[in-house]
Amino acid sequence: MSSNEDPSDNLTVTPPKTWATGVPAVTHALEYSLGQTSVRRTALTLLNINQAKGIDCPGCAWPEPAPGKRHMNEYCENGAKHINDEATSRRVTADFFREHSIAELDGKSDYWLNQQGRLTEPMVKRPGATHYEPIDWDEALGLLARELKALASPDEALFYVSGRLNNEAAFLLQLFARAYGTNNLPDCSNLCHESSGAAMQETLGTGKGSVSLDDIHTSDLIFVVGQNPGTNHPRMLSALEETKRNGGQVVAVNTLPEAGLMRFKHPQRPRGVVGRGTTIADQFLHIRAGGDLALFQALNRLLLEAEDAAPGTVLDHEFIQAHTTGFADFAEHARKVSWEDIHEATGLSREEIQAVYERVLRSRKVIVCWAMGLTQHKHGVPTIREVVNFLMLRGNIGRPGAGVCPVRGHSNVQGDRTMGVWERMPQRFLDALEREFGFTPPTRHGLDAVNGIRAMYEDRAKVFLGVAGNFVRATPDSAVTEEAMRKCRLTAHISTKLNRSHTVCGDTALILPTLGRSDRDVQATGEQFITVEDSMSEVHASRGKLPPASPHLLSEVAIISRLARRTLGQTPALPWEDFEADYGTIRDRISRVVPGFDDFNTRVAEPGGFRLPNPVNSGVFPTPSGKAVFTCNAFTMPDVPKGHLLLQTLRSHDQWNTIPYAPNDRYRGIHNARRVVLVNPADLEALGIADRDEVDLVSIWRDGTERRAENFRVVGYPASRGSAASYYPETNVLVPLDSVADISNCPTSKGVVVRLEPARTAG
Ligand SMILES: Nc1nc2c(c(=O)[nH]1)N[C@H]1C(S)=C(S)[C@@H](COP(=O)(O)OP(=O)(O)OC[C@H]3O[C@@H](n4cnc5c(=O)[nH]c(N)nc54)[C@H](O)[C@@H]3O)O[C@H]1N2
Ligand SMILES: Nc1nc2c(c(=O)[nH]1)N[C@H]1C(S)=C(S)[C@@H](COP(=O)(O)OP(=O)(O)OC[C@H]3O[C@@H](n4cnc5c(=O)[nH]c(N)nc54)[C@H](O)[C@@H]3O)O[C@H]1N2
Ligand code: SF4
Ligand SMILES: [Mo]
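Residues numbered from 1 in each chain as written. Chains lettered and ligands numbered in written order. Predicted model: local features only at pLDDT ≥ 70, side-chain atom pairs only at ≥ 80, totals over all residues. Heavy atoms only, no water.

**With respect to the packing of helix H8 (residues 167-180) against helix H28 (residues 556-568)**
Thought 1: Two numbers describe how H8 lies on H28: the axes approach to 9 Å, and their chain directions differ by 15 degrees. Accordingly, the angle class assigned to the pair H8 and H28 is roughly parallel. Considering the relative orientation of H8 and H28, their crossing is left-handed. For the pair H8 and H28, the contacting residues are Glu-168, Ala-169, Leu-172, Leu-173, Phe-176, Ala-179 and Tyr-180 in the first and Glu-556, Val-557, Ile-560, Ser-561, Leu-563, Ala-564, Thr-567 and Leu-568 in the second.
Thought 2: Of the residues contributing to the contact of H8 with H28, the split by class is 11 nonpolar, 2 polar and 2 charged. (Axes fitted to C-alpha atoms, helices over the stretch in contact; angles between N-to-C directions. Helix = DSSP H or I, 4+ residues; strand = E, 2+ residues; numbered from the N terminus. Parallel < 35°, antiparallel > 145°, perpendicular 65-115°, else oblique. Left-handed = near helix turned anticlockwise from the far one by under 90°. Contact = heavy atoms within 4.5 Å. Nonpolar A, V, L, I, M, F, W, Y, C, P; charged D, E, K, R; others polar.)

Dropping the structure here:
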C-alpha cells in the first residue's frame, strides 16, 4: 500500500506534550477551517455547532451540557476541524472524474482523496470502464434497484452504515433492508464498541452506558481506561475538569501517557489561557497492552479480601443480594488470581494497584469510562465484564455519580443501533416492525462487518451499499477486503466526500453524493431537521445552516426512500414518498416502533431534546433472570512470541477515522509523518533497533500468511513495555480478518502481533 501514501517523510519529533488544548488548539482549528472554506462559512458553522437550535457536531458522540449551561463556543478544536472538513468550499465535479481514472485515484493517499472536497453529482463506473461518468439520480437508483432485485437471495446484499448517519435515515435504511428481506446490516459498531455491547448486554441486560454528564460531574472517582479523550473526545476534558473542581478524582489507565489524561488547559477560560491548567489524572497506570482484565481482577480480589477481613464494611450486600446472580462463583474465581500473574500481565507494581484500591475504598460513587483500548482486544468482552463485576461489588451501578460509561465514537453511532441498524436485532423489535408496517421481517441473523467481508470474498454477497462511512479503509486485512469488494457485482456508496471505498470497487460502482450535517435540507413540505442520540442517550435535533454543497445533492432520507420505492414499490403500508417529503412522518413511525420514543416529534422540539431512560438506573436489569450477572472471566494474557511486539493501531490528533487531515500528531510530538511506529526505548535496545531506523512491520498469524506494512520510522516513545503503536488506517493491512475479539467478532485492532524488520525497500 505504500504507493497510496504521501511522500511526507519529513519526520520531526518533539517531546510528547504533558497538557492538552489551551490556545494552540484554537489556532489549529481555525487554521484547518480557513484552509477549507471562507471566513463567513467558518463563522456560520462554528457559531451554530452544538447550539440548541444549531448543527450537532459531526465529530464524536460526547454529549453537550443542558441548553442553559452551554458556552457560546460549545465545541473543541477537533469538532471545528470535522465540521469544516465537511463545510469545505472545494468541489469534486464530473470534470474531475473525467480527468482522473479510477486507477489513478486509487494511487492517491487517503489524505489527498479527502482534500479534493465535496462530491457534487451522482457518478457511475460501468463494467470494464476505467473512469466514473455522470449519471442522473433516476437512472442511478434504478440501476441499484435492478441489481438488488436480480439477486438470487436478499442475503446476497449488504447494507453498511456508519455512525454519522442520522436517526431518520438509519430507521429507513433498516426498514428497507428488512422489507427487502435481509438482516445484513453490518455497521461501524462491529469494528468499534461491539465488545462493550456484548459484555453489558449479557451482564446488565442493556448494551448502553448508564451515566449522564451530571453523573460525570458529581462522581467521586472516574477511571478513564483505554481511551485518549484529549484527541478523540476533547470536551470530555471540560467535564473531567468539573469533576475535579467538585472534589472528584481521576485514574487514567493507558499504554501511552496521553497528554489529555495529564493536564488540561481550557481554551475558553482565562485560567486555561495563562495558567498551568488542571491536572486530570490523580494517578496514571502505565499498563501493559491487554493487561486491563488482570487489573480489574486484582482490584476485585483486594475488595473481596478486605470484606473477608472486616465483613459488612466493603461490599454493597444489599445491591448484590437484591439485584445480582453469580456472586459466589465469581468471588471464588477472583480470589484465586495470583499477584505474580497480575504483575506479569499489567506491568504494574503491587503498590500502584494498592493505591488505586485505596481510592476506590474512599469513594462512594465510581464510574468507569472506556473506549477502543478495551474493546479491540481478543479478550475485550471478558475485560468489560470484569469492569462490570468491579462496579457491582460496591453497588456502583444505577445510582447518581456511578456507572458504566463506554464512550462512543461517531456522533450518532448509538442512535443508529437504537433505530435497528444491527444484524441481530431482538425479536421484539422485529415484531414491532411487523405490527407497524404489516410485513414479516426476516428472523435469521444477518452478517456483521467481518462476516460480510468473508461473504463477498467467497461470492456469497454480490451487492454492497455503504452509507456514511469508508468500509474499505475501516476494515481489517486490507488486501483481503479490497479483493472482496472488487469481486462484487455492484458497490455503491452514499457519501459526502471522496474516499478509498470509491476507488476500490465492484464491476459496477455508484457514488451517490449527499447532504452533510451542516447543509440545509429542504423537502416538499419545507425545511427539515434530523435527530441524533449521543453517548449518554440524549436525543436531540440538528439543523443544517449552509446552502447545500451542490444543487444536485439529495439527502440521505431522500436517496434511501427513492431506492426503496424503486426496489419494492410504493404501498400504503410503506409510503416512501411521504417519508421523503416530511421527516416528521418517519419520527411518528419511530415513536411507535422504538421503545422510549413516545411523542418523539413533540419531545424532540424541546431545546436539548430528551434522554432515553436506561433501565439499570431504575433497578431493572432486563437479562433472562431479571438480575445483573456476575461473571467468571478466565485470566488471559496476549501471547506474544519473543522478539515480537503487540501493536495497537490508533488515531493521530489530526484525523477523523480513515481520513487524515494532516500528517501530524501534536500531543505525541510527531510532525510531518504518519508512517511511524512508537516503541519503548528499552524494547528497541533489546531488539537491536535504533531510533529513526526504517522498518517494515510484519504481522504473524496462524494462517501463515505474511502481512507487511512497509517503510515505517521507529520512534523511541514511552509506550508500555512489549507494545507498539502506529496509526490506522495505514496499518489495517496487518490485522488478520480472523483475528477478532471472542464473542463480539470485533477486529483486534489494538492487539496485532508484529515484528520489526529492516525495511525491504528504501521508502
Ligand atoms: N479527532 C477524532 N476524534 C474521534 C475519532 C477520530 O478519528 N478523530 N474517532 C471517533 C471514533 S469512531 C471512536 S471509536 C473514538 C475512539 O476513541 P479512542 O478509543 O480514544 O481512540 P484510539 O485512538 O483508538 O485510542 C485508543 C486508546 O487506548 C489506548 N490503549 C490501547 N491499548 C490499550 C490497552 O490494552 N489498555 C489500555 N488501558 N489502553 C490501551 C491507546 O494508547 C489510546 O490512548 O473516537 C472518536 N473521536
Ligand atoms: N486498524 C483499525 N481499524 C479501525 C479502527 C481502529 O482503531 N484501528 N477503528 C474502527 C472504528 S472505532 C470505526 S468507528 C471505524 C470507522 O469507519 P467508518 O465510519 O466507515 O469511516 P469514516 O472514516 O468515519 O468514514 C468517512 C467517510 O464518511 C463519509 N461521510 C462523512 N460524513 C457523512 C455524512 O454526513 N453522510 C454520509 N452519507 N457520508 C458521510 C465521507 O464520504 C467520508 O469519506 O473504523 C474502524 N477501523
Ligand atoms: S468533543 Fe466531540 S462532539 Fe464535542 S465538539 Fe469535540 S468532536 Fe464535537
Ligand atoms: Mo468508532
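**Description of the domain arrangement of the protein chain**
Thought 1: As assigned here, the protein chain comprises domain 1 (12-86), domain 2 (96-191 + 412-609), domain 3 (194-406) and domain 4 (645-758).
Thought 2: Contacts between the two partners involve 21 residues from domain 2, matched on the other side by 20 residues from domain 4.
Thought 3: With both chains or domains summed, domain 2 and domain 4 bury close to 1,700 Å², and 54% of this area falls on carbon and sulfur atoms.
Thought 4: In this assembly, domain 2 and domain 4 are joined by 2 salt bridges. (Domains from an automatic or database assignment. Buried area = accessible area lost by both parts, 1.4 Å probe. Salt bridge = Lys/Arg side-chain N within 4 Å of Asp/Glu carboxyl O.)

**Description of the site of ligand 1**
Thought 1: Close contacts around ligand 1 come from 33 residues, with Asn-254, Glu-258, Gly-290, Asp-292 and Asn-657 the closest.
Thought 2: In this structure, an oxygen atom belonging to ligand 1 sits 2.6 Å away from a side-chain N or O atom of Asn-254.
Thought 3: At 2.8 Å, a side-chain N or O of His-377 approaches an oxygen atom of ligand 1.
Thought 4: Counted by class, the shell around ligand 1 contains 11 nonpolar, 18 polar and 4 charged residues. (Near = heavy atom within 4 Å. Polar contact = N/O pair within 3.5 Å; in protein donor to acceptor, adjacent residues only side chain to side chain.)

**Re the sheet that holds strand S2 (residues 20-21)**
Thought 1: Read across the sheet, 3 strands follow the order S2-S10-S11 without closing on themselves; strand pairing throughout is mixed. Each of the sheet's edge strands pairs with one partner strand only, and the pair in question is S2 and strand S11 (278-279).
Thought 2: As judged from the 2 bridges shared by S2 and strand S10 (residues 263-265), these two strands associate in the parallel manner. Paired with Thr-21 across the strands is Lys-265, a residue of S10. (Pairing = 2+ DSSP bridges.)

**Observations concerning unusual backbone geometry**
Thought 1: In this structure, Pro-729 follows Tyr-728 across a cis peptide bond, with omega equal to 10 degrees.
Thought 2: Examined against the element boundaries, Pro-729 turns out to sit in the loop between strand S32 (723-727) and strand S33 (752-758).
Thought 3: In this structure, Asn-50 takes a positive phi of about 60 degrees despite not being glycine.
Thought 4: Classification of Asn-50 as buried rests on a relative accessible area of 3%.
Thought 5: Residue Asn-672 is not a glycine yet carries a positive backbone phi of 60 degrees.
Thought 6: On the secondary structure map, Asn-672 appears in the loop between strand S28 (670-671) and strand S29 (676-679). (Buried < 20%, exposed > 50% of the residue type's maximum accessible area, 1.4 Å probe, protein only.)

**Describing the site of ligand 3**
Thought 1: Neighbouring ligand 3 are the residues Asn-50, Cys-57, Cys-60, Trp-62, Tyr-75, Cys-76, Gly-79, His-82, Pro-234 and Arg-235.
Thought 2: Within the shell around ligand 3, the residues separate by chemical class into 6 nonpolar, 3 polar and 1 charged.

**Concerning empty space enclosed by the protein**
Thought 1: The full count for this structure, using the stated rule, is 2 cavities of 30 Å³ or more.
Thought 2: Here the second largest cavity is characterised by a volume of approximately 30 Å³.
Thought 3: Taken together, Thr-21, Glu-77, Gly-230, Pro-234, His-653 and Tyr-667 make up the lining of the second largest cavity.
Thought 4: In terms of residue class, the lining of the second largest cavity is made up of 2 nonpolar, 3 polar and 1 charged. (1 Å grid on protein atoms, 1.4 Å probe; cavity = no way out; pocket = protein on both sides within 12 Å on 5 of 7 lines; lining within 4 Å. Points joined across faces, edges and corners; volume = space filled by probe spheres on them.)

**Some remarks on the layout of surface pockets**
Thought 1: Of the pockets and cavities examined, the largest pocket occupies roughly 1,200 Å³.
Thought 2: Lining the largest pocket are 40 residues; nearest its centre among them are Gln-201, Gly-207, Trp-422, Pro-426 and Arg-428.
Thought 3: When contributions to the lining of the largest pocket are tallied by element, the ones reaching two or more residues are helix H9 (194-204), helix H22 (413-418) and helix H23 (427-437).
Thought 4: Among the residues forming the lining of the largest pocket, the class breakdown is 16 nonpolar, 16 polar and 8 charged.
Thought 5: Here the second largest pocket defines a volume of roughly 750 Å³.
Thought 6: Around the second largest pocket, the lining is made up of 41 residues, and of these Glu-64, Pro-65, His-71, Glu-74 and Arg-235 lie nearest the centre.
Thought 7: Counting residues per element, the ones that place at least two in the lining of the second largest pocket are helix H1 (23-36), helix H3 (77-86), helix H10 (213-218), helix H12 (235-245) and strand S22 (538-542).
Thought 8: With 5 residues, H12 is the largest single contributor of residues to the lining of the second largest pocket.

**Overview of the nonpolar core**
Thought 1: Formed by 67 residues in total, the largest nonpolar core has its most connected members in Leu-144, Leu-148, Phe-159, Leu-510 and Leu-512.
Thought 2: Looking at this core element by element, the count peaks at 9 residues for H8.
Thought 3: Setting aside chain neighbours within four positions, we find Leu-512 in contact with Trp-137, Ala-140, Leu-141, Leu-144, Ala-492, His-493, Ile-494, Ser-495 and Ile-559.
Thought 4: Ala-331, Tyr-357, Leu-374 and Phe-621 belong to the second largest nonpolar core, which has 51 residues in total. (Core = buried A, V, L, I, M, F, W, Y, C linked by side-chain atoms within 4.5 Å.)

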